[in-house]
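Examining the three-dimensional arrangement
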Amino acid sequence: MKLVIKGDLNPSYAQQLCLIFFPGEKFSEHEERVPGEPTATFTVTDKGDRVSARAVIRYQGKKTEATHTEQTAKWETSKKASRIAAGVAMLGAGSKMFDSTPPWGILTGVRPAKLALAALEKHGDREDVIRELMKEYFVSPKKAALVTDVAIHEADIVKKYGEGTCSLYISIPFCPTRCAYCSFISYATKRLLSLIPEYIVRLKSDLDRIFKVIEASGKRLVTVYIGGGTPTILNEEQLEDLLSAVDSHLKNLSEPLLEYTVEAGRPDTITAEKLAIAVRHGVTRVSINPQTLSDDVLRAIGRRHTAEDFFRAFALAKESGIPHINTDLIAGLPGDTFRSFSDTVDRIAALEPDNITVHTFCVKKSADILSSGVPIYSRTGTETGKCVDYSQLSAAAHGYVPYDIDRQKNSLGNFENVGFAKPGAEGYYNIFIMEEIHDIYAIGAGAVTKLVDRANNRIERIFMPKYPYEYLSMEDIDGVFAKMKLQ
């Protein structure tokens, strides 16, 4: 896609606006327009007390445009006024081009609940927040109500566990197979899986370092999250070794954890013994993720397990005594239909896990499925919107509340990912990582430590090496942990 910007407008933000109507597009840097290539032109004019924006779209022989003006004083800065004006102009031009209005209006970030939380602090009233989201950001009534309800459920947790607390993330970037849509740093080849024993040794050494950093910070550790990848790809001996190492540090805490999570996402990696090990070491939450209960769709997306494997693993988890079980579903998977997805939702709800997370299918640039020739991106999401709506209605009918929400670029129909929980069973770490309310220390390949300065609205990110073999050969590891202590 060709993007032209005239005036002061952040190019990254302009691209996000374009992706609302052109999901999956890449942005060209060449000067000349390629025949058939969609083009978007933004013209932003700052007149001091107001900012005007004009958006023009050219696509398939058709041209649409719209203009909008915002008062600078309303948004405190001309840059914010420019963003809003450009967003409304693009919304107008895109809606004319495709004769449809996106449900999330001009909201482009991955964290819509942050905006709703800020509005909630300002207004204190649910209906006022909904009205603001609809009026200022053109969010549909349904989505405005959804994100406001999430913010209401998050508000008390955010206030209580912000300052003076922190979390720990431990990365296990290995999987039994690579899903066709996956963009995470996860590995499934025999050669890479052979690194696991050495990787565990390195993690144990870094656990010693990171707990010294946490102790020096003076902050209370409230959640530990072991994710990936698929942590339960570790065999029983390896899992025992890792959790024992974590346990040796947790026993020194002055206050118990709120939550201790191990992702067990692949049902085919779960055994009764692994779950018993987790229980023995105080794990309070596991994720068992079917994604769908259609075996045909599972095969198509590269999952090695079946629906029956999921039911077996779920039953083992219930029998193990793990307090909280989360199940993840994906709406809009290739080959899935409204009928098969709604059947999945019904069958999962009947099991009554205390957490259900419903993602919208989203493919990023490194996913294998992009080279398969299978049509992926859809502006409207075809049946995906019906699937998302059904999951939310079903969750409410079964006593779940929405407590966590995020949105990803290039998701089908620009729909959202929502975490639902039985009251009192919300996943704390999910809220902490999404709303960025406190420090999250991270170790392992691909892990990112986030040090949050809420007073100055600043986040410092410290990156571990992306790939396992880089992580294992990293020389200046002490320097990385020293940097964490200095922030």
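Residues numbered from 1 in each chain as written. Predicted model: local features only at pLDDT ≥ 70, side-chain atom pairs only at ≥ 80, totals over all residues. Heavy atoms only, no water.

**With respect to the pairing of strand β9 (residues 324-331)**
Our working definition: Throughout this description, buried means an accessible area under 20% of the type-specific maximum (1.4 Å probe, protein chains only), exposed means over 50%, and partly exposed covers the range between. Put simply, DSSP H or I for four residues or longer makes a helix, DSSP E for two residues or longer makes a strand, and each gets a number counted from the N terminus. Strands are treated as partners if at least two bridges between them are detected by DSSP. By convention, a crossover is right-handed whenever its connection, traced from the first strand over the helix to the second and viewed with the strands pointing away, goes clockwise.
Where burial is concerned, most of β9 is hidden: seven out of the eight residues are buried. Alignment of β9 against strand β10 (residues 355-360), held across six bridges, turns out to be parallel. Looking at β10, one finds that T327 is bridged to I356. Tracing the backbone out of β9, into helix α13 (residues 338-351) and back to the parallel element β10 gives a crossover that is right-handed.

**Describing helix α6 (residues 141-160)**
We count it as follows: For a helix, the expected span equals 1.5 Å multiplied by the residue count minus one. Contacts: residue pairs with any heavy atoms within 4.5 Å of one another.
For α6, with 20 residues, the first-to-last C-alpha span of 29 Å sits near the 28 Å given by 1.5 Å per residue. Looking only at α6, the buried set comprises K143, A144, A145, L146, V147, T148, V150, A151, E154, A155, I157 and V158. Structurally, α6 contributes buried residues whose contacts are with α4 (112-123), α5 (126-137), α14 (384-397), β11 (401-407), β12 (416-421) and α15 (428-435).

**Regarding the packing of aromatic side chains**
Note the cut-off: Stacked, tilted and edge-to-face are the three classes applied to pairs of Phe, Tyr and Trp rings, where Trp contributes its six-membered ring and a pair requires centres within 6.5 Å; stacked means planes under 30 degrees apart, edge-to-face means over 60, and tilted covers the rest. In our convention, an over-ring charge means Lys NZ or Arg CZ found within 6 Å of a ring centre and within 35 degrees of that ring's normal.
Within the structure shown, the criterion is met by 17 aromatic pairs. Judged by centre distance (5.3 Å) and plane angle (90 degrees), the rings of F174 and Y199 are edge-to-face. Of this pair, F174 sits in the loop between β5 (165-172) and α7 (190-193) while Y199 sits in helix α8 (residues 196-217); the two residues are 25 residues apart in sequence, bridging distant segments of the chain. Residue classification places F174 among the buried residues on the basis of a relative accessible area of 0%. Given a relative accessible area of 1%, Y199 falls into the buried group. Put simply, the rings of F21, F22, Y59 and F98 pair up and form one aromatic cluster. Sitting over the face of the ring of Y400, K422 holds its NZ or CZ atom 4.4 Å from the ring centroid.

**Thoughts on the layout of surface pockets**
Short version of the rule: A pocket here means an open set of points on a 1 Å grid, computed over the protein atoms alone, that has protein on both sides within 12 Å along at least five of seven lines. A cavity is instead a set of points where a 1.4 Å probe fits but cannot get out; residues with an atom within 4 Å of a point line either one. Grid points are joined across faces, edges and corners, and a volume is the space filled by probe spheres set on the points. Throughout, the ten residues Ala, Val, Leu, Ile, Met, Phe, Trp, Tyr, Cys and Pro are labelled nonpolar, Asp, Glu, Lys and Arg are labelled charged, and all others, Gly among them, are labelled polar.
Taken as a whole, the second largest pocket spans an internal volume of roughly 1100 Å³. Lining the second largest pocket are 31 residues, and of these R111, K114, L115, E436 and N457 lie nearest its centre. Mapped onto the lining of the second largest pocket, the elements with two or more residues apiece are α1 (11-21), α3 (78-98), α4, β14 (448-453) and β15 (458-463). In terms of residue count, α4 provides more of the lining of the second largest pocket than any other element does, six residues in total. Here the lining of the second largest pocket is built from residues that sort into 14 nonpolar, six polar and 11 charged.

**Considerations on the nonpolar core**
Put simply, the rule reads: Throughout this description, the term nonpolar core refers to a set of buried Ala, Val, Leu, Ile, Met, Phe, Trp, Tyr and Cys residues connected via side-chain atoms within 4.5 Å.
F42, L207 and I210 are the most contacted members of the largest nonpolar core, which totals 141 residues. With 11 residues, the top contributor of residues to this core is α3. Not counting residues up to four positions away in its chain, the partners in contact with F42 are L3, V4, I5, K6, L9, A14, L17, C18, R54, A55, A86 and M90.

**Points about the sheet that holds strand β4 (residues 62-71)**
Stated precisely, the cut-off is as follows: Here an axis means a line fitted to C-alpha atoms, over the contact stretch when the element is a helix, while the angle between two N-to-C directions is reported on a 0 to 180 degree scale.
If you trace the four strands from one edge of the open sheet to the other, you get β1-β2-β3-β4, paired in mixed fashion. Among the strands making up the open sheet, the edge pair consists of β1 (2-6) and β4. Within the sheet, the average angular offset between the axes of one strand and its neighbour, ignoring direction, is 10 degrees. Against the sheet, α3 engages β2 (39-46), β3 (50-59) and β4, with an angle of about 150 degrees to β4.

**Brief notes about the packing of α4 against α6**
Applied cut-off: For classification, angles of less than 35 degrees are called roughly parallel, those exceeding 145 degrees roughly antiparallel, those between 65 and 115 degrees roughly perpendicular, and all remaining angles oblique.
Running from amino to carboxyl end, α4 crosses α6 at an angle of 75 degrees, the nearest separation of the two axes being 8 Å. Taken together, the axes of α4 and α6 are roughly perpendicular relative to one another. From α4, P112, A113, A116, L117 and L120 reach across to α6, where they touch V147, T148, V150, A151, I152, E154, A155 and V158. Of the residues belonging to the contact of α4 with α6, the class tally is 11 nonpolar, one polar and one charged.

**Notes on the environment of A89**
Looking at where A89 falls in the secondary structure, it is placed in helix α3. Spatially, the C-alpha atom of A89 lies 42 Å from that of E263, the residues being 174 residues apart in sequence.

**Points about empty space enclosed by the protein**
This model, assessed by the stated rule, comprises three cavities of 30 Å³ or more. For the largest cavity, the calculated volume is near 120 Å³. Surrounding the largest cavity, Q16, L19, I20, L107, T108, G109, V110, R407, Q408, K409, N410 and N414 form its lining. Among the elements that take part in the lining of the largest cavity, α1 stands out by supplying three residues, more than any other. The class makeup of the residues in the lining of the largest cavity is four nonpolar, six polar and two charged.

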